[in-house]
Amino acid sequence: MTSTVLVTGGAGYIGSHTCLRLLECGYRVIVLDNFSNSSPEALNRVQSLTGKTLEIITGDVNDGAALNTLFARHQIDAVVHFAGLKAVGESVAEPLMYYHNNVSGAVSLLQAMQSAGVRDLVFSSSATVYGDPASLPITEDFPTSTTNPYGRSKLMIEEMLRDLYRSDASWNLALLRYFNPVGAHPSGQIGEDPAGIPNNLLPYIAQVAVGRREHLSVFGGDYETHDGTGVRDYIHVMDLAEGHVKALQWLTRKQGLAAFNLGTGSGYSVLDMLHAFERACGKTLAYQIVDRRPGDVGSCYADPTLAARELDWKAERGVNAMCADAWRWQQQNPNGYN
Ligand code: NAD
Ligand code: UFG
């Protein structure tokens, strides 16, 4: 029997790649998105790349009545919940917007699932819940802490899911803690399309490479890392998409709640990534080392052993593929989906 998955935020960066993978794997996919940070064009392209159809519903996860109608009209087997806001700096300036959109949005989605008897959920959490880790690599049992409202919204939702599971063990919950998602589908047709000046490293480098920005500002050259710049665990978005398919399969095999790191297990510095991108695009890219960005940690990378063992998932793509695919997307779509 074909499983039907509701994907909230399915038009966004990670959501669109995951919808593509779910269609390829034979799932029926319903997308709920308010398009506050995405374009319907991403979903048009997912459909033309796969030759399959998505059901697309324009709506907000905070709209409980619309959610109840959606669950009444469709036989949904599982939900993948991406919908949320994700800009750390904006969350400091507008905390209520983040708590409303992310935390209230999750409450309203879970209430609708509860009423409809849908119990399987894959939730987009983040490595940000580990704060400044005491040691590396990070395993799922590390203490959690956060430094900003965005991170706290993720942690609050994780805690809420634990409470829900304690109250009713028929819930089946996979909490995926993503490290640093980068790259694009190898076709160059879908990718990351940040609004305004990119906050994240790879989209910023890509815009320097395409000539939209003059140089990269490297935030800090005095961290305790091999070249002084910050180290992260970059993960190809197609590997991440595969992780969601594996998590859905895990939900059908096991009953319970678990958090999984989705990362490669390897750390690369800002300058490592800049040089990998230079190799991908065949250009030298200008950069300047400036002060550290407040709130940044020096190094962060995953121990992905648990996901390998429980989900049968492992990241397959390295930094060269991440940069080559990000560059293809950037070159073919210099202004994103517009
Ligand atoms: P994104 O902004 O590209 O996608 C989020 C999608 O959700 C967008 O299409 C947006 O329009 C939609 N959305 C937002 N609020 C909504 C609402 N109230 N109702 C309906 N739709 C809504 O972000 P992304 O990078 O694809 O991230 C997806 C999820 O993964 C987010 O929850 C994010 O916090 C989490 N995450 C992202 C990263 C990252 O670096 N990209 C890292 C860790 C975790
Ligand atoms: N960096 C620069 N210059 C830039 C942008 C970033 O030097 O213009 C550096 C940062 O200082 C950091 C590294 O590049 O060392 C990565 O920065 P990103 O902003 O791309 O990613 P972060 O690790 O800061 O945060 C990301 C997401 C968060 C998420 C976290 C953990 O943006 O939402 O990964 O998953 F919580």
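You'll find the structure just up there.
Since this is a predicted model, take the numbers as computed values, not measurements.

Colleague: Can you explain the side chain of S124? Please cite residues and give values.
Modeller: Mapped onto the fold, S124 is located in strand β5 (residues 120-126). If near-sequence neighbours (up to four positions away) are discounted, S124 is found in contact with H81, F82, K154, L176 and Y178.

Colleague: Hey, could you go over empty space enclosed by the protein for me, with residue numbers and the actual values?
Modeller: Going through the model one piece at a time under the given rule, you end up with one cavity of 30 Å³ or more. A volume near 30 Å³ is recorded for the largest cavity. Of all the elements in the fold, those that place two or more residues in the lining of the largest cavity are α5 (95-116), β5 and α6 (149-167). No other element matches the three residues that α5 contributes to the lining of the largest cavity. Split into classes, the residues belonging to the lining of the largest cavity amount to seven nonpolar, one polar and no charged.

Colleague: Go over the sheet that holds strand β1 (residues 4-8) with me, naming the residues and quoting the values.
Modeller: One open sheet accounts for seven strands, arranged β3-β2-β1-β4-β5-β6-β11; its pairing is parallel. The sheet is open, and its two edges are formed by β3 (55-58) and β11 (257-262), each paired on a single side. Adjacent strand axes in the sheet meet at a mean angle of 20 degrees when their direction is disregarded. Sheet contacts for helix α1 (residues 13-24): β1, β2 (28-33) and β6 (172-178); angle to β2, the most-contacted strand, approximately 165 degrees.

Colleague: Account for the packing of helix α7 (residues 201-209) against helix α9 (residues 270-281), with residues named and values stated.
Modeller: Two elements in contact, α7 and α9, have axes whose closest approach is 11 Å; the angle formed by their N-to-C orientations is 40 degrees. Classified by the angle their axes make, α7 and α9 are oblique. As for the relative orientation of α7 and α9, their crossing is right-handed in sense. Seen from α7, the contacting residues are L201, L202, I205, A206 and A209; seen from α9, they are V270, M273, L274, F277 and C281. Tallied by class, residues from the contact of α7 with α9 come to ten nonpolar, no polar and no charged.

Colleague: I'd like a description of the packing of aromatic side chains, backed by residues and values.
Modeller: Tallied over the full model, the rule gives five aromatic pairs. Judged by centre distance (6.5 Å) and plane angle (85 degrees), the rings of Y130 and F142 are edge-to-face. Residue Y130 is located in the loop between β5 and α6, and its partner F142 is located in the loop between β5 and α6; the two are separated by twelve residues in the primary sequence. For the pair Y130 and F142, a shared accessibility class is recorded, and that class is buried. In textbook terms, an aromatic cluster arises when at least three aromatic residues are bridged by ring pairs, as seen for Y130, F142 and F179. Sitting over the face of the ring of W171, R119 holds its NZ or CZ atom 4.8 Å from the ring centroid.

Colleague: Before we move on, could you go through the site of ligand 2 and cite the residues and values that matter?
Modeller: Near ligand 2 there are 21 residues, and of these S126, N200, R232, R293 and D296 occur at the shortest range. Within the backbone of Y178, one N or O atom sits 3.1 Å away from an oxygen atom of ligand 2. Contact between ligand 2 and F219: an oxygen atom at 2.9 Å from a main-chain N or O atom of the residue. The leading source of residues in the shell around ligand 2 is strand β8 (residues 216-219), at four residues. Taken together, the residues that form the shell around ligand 2 break down as ten nonpolar, seven polar and four charged.

Colleague: Lay out the side chain of T225 in plain terms, naming residues and giving numbers.
Modeller: Within the secondary structure layout, T225 lies in the loop between β8 and β9 (231-232). Judged by relative accessible area, T225 falls into the buried class, the value being 17%. Discounting chain neighbours no more than four positions away, the residues touching T225 are V231, G298 and S299.

Colleague: Before we move on, could you go through the environment of A302 and cite the residues and values that matter?
Modeller: Tracing the backbone shows A302 in the loop between β13 (287-290) and α10 (305-311). Residues A302 and L136, 166 residues apart in the sequence, show an inter-C-alpha distance of 7.6 Å. If we skip the residues at most four places from it in the chain, A302 touches P137, I138, F179, D233, N261, G263 and G265.

Colleague: Go over the site of ligand 1 with me, naming the residues and quoting the values.
Modeller: Near ligand 1, the surroundings consist of 26 residues, among which D33, N37, S38, K86 and Y150 are the closest. D33 has a polar side-chain atom sitting 2.6 Å from an oxygen atom of ligand 1. Contacts to ligand 1 include F82, whose backbone N or O atom sits 2.8 Å from an oxygen atom. Protein contact buries 96% of the 820 Å² of open area that ligand 1 shows by itself. Elements with a contribution of two residues or more to the shell around ligand 1: α1, β5 and α6. Top element by residues in the shell around ligand 1 is β5. It accounts for three residues. Taken together, the residues of the shell around ligand 1 sort by class into ten nonpolar, twelve polar and four charged.

Each value, and the rule that gives it
Residues numbered from 1 in each chain as written. Chains lettered and ligands numbered in written order. Predicted model: local features only at pLDDT ≥ 70, side-chain atom pairs only at ≥ 80, totals over all residues. Heavy atoms only, no water. Helix = DSSP H or I, 4+ residues; strand = E, 2+ residues; numbered from the N terminus. Contact = heavy atoms within 4.5 Å. 1 Å grid on protein atoms, 1.4 Å probe; cavity = no way out; pocket = protein on both sides within 12 Å on 5 of 7 lines; lining within 4 Å. Points joined across faces, edges and corners; volume = space filled by probe spheres on them. Nonpolar A, V, L, I, M, F, W, Y, C, P; charged D, E, K, R; others polar. Pairing = 2+ DSSP bridges. Axes fitted to C-alpha atoms, helices over the stretch in contact; angles between N-to-C directions. Parallel < 35°, antiparallel > 145°, perpendicular 65-115°, else oblique. Left-handed = near helix turned anticlockwise from the far one by under 90°. Phe/Tyr/Trp six-rings, centres within 6.5 Å; stacked < 30°, edge-to-face > 60°. Buried < 20%, exposed > 50% of the residue type's maximum accessible area, 1.4 Å probe, protein only. Lys NZ or Arg CZ within 6 Å of the ring centre and 35° of its normal. Near = heavy atom within 4 Å. Polar contact = N/O pair within 3.5 Å; in protein donor to acceptor, adjacent residues only side chain to side chain. Areas by Shrake-Rupley, 256 points an atom, 1.4 Å probe, with all protein chains shown as cover.

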